[in-house]
Amino acid sequence: MSKPQDGFVSRFLNRPISRRITSFLLKFPIHPHAWTISIFVLPLIASVFLVRGDYVGIVIGAAIFQAFSILDGCDGEIARAKNLESRFGERLDHFCDFLSSLVYVLALGVGIHRSSEGILCAALIAANEWLLRAGKGGMWVASSKLHESFYARHRGMIGHSGLLHLGERFVWWLFQLTKRDMAIFVFLY
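Residues numbered from 1 in each chain as written. Predicted model: local features only at pLDDT ≥ 70, side-chain atom pairs only at ≥ 80, totals over all residues. Heavy atoms only, no water.

**A few points about the packing of aromatic side chains**
By the definition in use, this model includes three aromatic pairs. Ring plane angle 55 degrees and centroid distance 5.5 Å describe the contact between F65 and F68, whose orientation is recorded as tilted. On the criterion of helical spacing, the pair formed by F65 and F68 is a turn pair, its members being three residues apart in helix α4 (residues 55-81). For F65, a relative accessible area of 1% puts it in the buried group. Here the aromatic cluster, defined as three or more aromatic residues joined through ring pairs, consists of F65, F68 and Y104. (Phe/Tyr/Trp six-rings, centres within 6.5 Å; stacked < 30°, edge-to-face > 60°. Helix = DSSP H or I, 4+ residues; strand = E, 2+ residues; numbered from the N terminus. Buried < 20%, exposed > 50% of the residue type's maximum accessible area, 1.4 Å probe, protein only.)

**So, helix α2 (residues 32-39)**
Those residues of α2 not exposed but buried are P32, W35, T36 and I39. Along α2, the residues classed as buried sweep out an arc of 100 degrees about the axis, all on the same side. (Arc of directions from axis to C-beta.)

**Focus on α4**
The end-to-end C-alpha separation of α4 is 40 Å, in line with the 39 Å expected for 27 residues at 1.5 Å each. Summarising burial for α4: 19 of the 27 residues are buried, a large majority. N83 sits one or two positions beyond α4 and adopts a positive phi of about 55 degrees. (Expected span 1.5 Å × (residues − 1).)

**So, the confidence of the model for the protein**
Atom-level detail of predicted coordinates should not be read off regions where pLDDT is low. Averaged over all residues, the pLDDT of the protein equals 78, while 60% of them reach at least 70. Within the protein, no element has a lower average pLDDT than helix α7 (residues 144-148), which sits at 58, and none a higher one than α2, at 96. Predicted confidence is poor over residues 136-142, with pLDDT under 50, and the contacts of this stretch with residues over four places away or in other chains come to 14 contacts. (pLDDT = per-residue confidence, 0-100. Contact = heavy atoms within 4.5 Å.)

**Things to note about the packing of α2 against helix α5 (residues 87-111)**
Direction vectors running N to C along α2 and α5 enclose 10 degrees, while the axes themselves pass 10 Å from each other. What the angle tells us is that α2 and α5 run roughly parallel. From α2, H33, T36 and I37 reach across to α5, where they touch F88, G89, L92, D93 and C96. (Axes fitted to C-alpha atoms, helices over the stretch in contact; angles between N-to-C directions. Parallel < 35°, antiparallel > 145°, perpendicular 65-115°, else oblique.)

In C-alpha cells form, the structure reads like this:
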C-alpha cells in the first residue's frame, strides 16, 4: 500500500501508522473522497492553535498537523484497497494537501507574529505548485529508481530545471529532504 514517492517520514512513521488505521477503516463503507474531505478539518483546527503563537499552541497545532499528515495517507490506501483510484480523487487529495500547507504556514506566520514570513511561505508554496503544474513536459530519467521516486509533476519540474546536471543521487536526496512530511516532522520535533 505504500508508494515509491513517499518521503522518509511517510515511509517509516506515517505509512506504518496509516496502514493500521486503513485496515480498520476498510471494515466500514467509507469512500476515499469522503475521507479526504472529512480529515481536512484537522488543518483548520491546527491553525486555531498555531495562531495563538505560544509554545503550547504551536506544539499542539504542529501535532494536529502531523496527525493530519498520517491520516492523509489513508485515502489513497482505501482507494487502492477498494480499487477506487481515480483522477478526481488524486486531484482532490492534491488540492486539500495544497490548501492545508497554505493554512499551516499562514497560521504559523501569524502565530509567531511574522505574518509577512507566513505570507511569503504561502506565496512560495503557491508558486511551487504552479511551477510543478507548468512543468509537465517529458523528461528522460536514466535511473528507474529516480523515475519512480517522483510524481509526474516533480519529474516535469526536474526536467525543466536542469537539476539532473547535479547528479541523480543529489536530486533524489534534495527531494527527499524537502518533502512536506519531512518539514512537518522536523518542525514538530
